[in-house]
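Structural characterization, general
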Amino acid sequence: MDRTANAVWKGNLKEGNGTLDTQSGTLKGTPYSFKARFEDESGKSGTNPEELIAAAHAGCFAMQFSHFLAENGTPATELDAKAVVTLVPGTGITGSALTVVGKVPGIDAAKFQELAEKAKAGCPVSKALGAINVSLDAKLG
């Protein structure tokens, strides 16, 4: 199974800009730039690679965790997962911090934590991010 995305970049690094398109059409002509990546903390000037990695990581983790909870006989009614990917200019991406708050009837906190850790380790995006620190904060809510 392959998934595709296309990036078009015009100009040099600092003044240039680009657009991203994905196979699904979710991103279509989505702007990205140096400013969006390194200067605009608000995120209003377009997307950036780190934001896209964060979205992929949060989504993958939530799906994997959902699967393990269902296998345990305690399906989640809701998982609110977030990933914060840290980029240190001049160094690169240094980490992805996952947080999740779950509504899971019939599960105790210890089992919830165990399955969250298992999902963090088993999520294909976590595995792909093996060169960086991946942390997890999991809570029932």
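Calculation rules
- Residues numbered from 1 in each chain as written.
- Predicted model: local features only at pLDDT ≥ 70, side-chain atom pairs only at ≥ 80, totals over all residues.
- Heavy atoms only, no water.
- Phe/Tyr/Trp six-rings, centres within 6.5 Å; stacked < 30°, edge-to-face > 60°.
- Helix = DSSP H or I, 4+ residues; strand = E, 2+ residues; numbered from the N terminus.
- Buried < 20%, exposed > 50% of the residue type's maximum accessible area, 1.4 Å probe, protein only.
- Contact = heavy atoms within 4.5 Å.

An unreviewed UniProt entry lists the chain under the name OsmC family protein, from Mesorhizobium caraganae.

A separate point is the packing of aromatic side chains. Applying the stated criterion across every chain yields a total of four aromatic pairs. Seen in terms of ring centroids, phenylalanine 61 and phenylalanine 65 are 5.6 Å apart; in terms of plane orientation they differ by 35 degrees. Their pairing is tilted. Of this pair, phenylalanine 61 and phenylalanine 65 both sit in helix H2 (residues 49-71), four residues apart, which is roughly one turn of the helix. When its relative accessible area of 0% is taken as the criterion, phenylalanine 61 is described as buried. Overall, phenylalanine 65 belongs to the buried group, its relative accessible area being 0%. Pairwise contacts between aromatic rings join Phe61, Phe65 and Phe112 into one cluster.

For the rest of this paragraph, the subject is the environment of valine 134. Tracing the sequence through the fold places valine 134 in strand S6 (residues 133-140). The exposure class of valine 134 is buried, given its relative accessible area of 14%. As for valine 134 and alanine 83, which are separated by 51 residues in sequence, their C-alpha atoms are 9.5 Å apart. Beyond its immediate sequence surroundings of up to four residues, valine 134 is in contact with His57, Ser96, Leu98, Lys120, Ser126 and Leu129.

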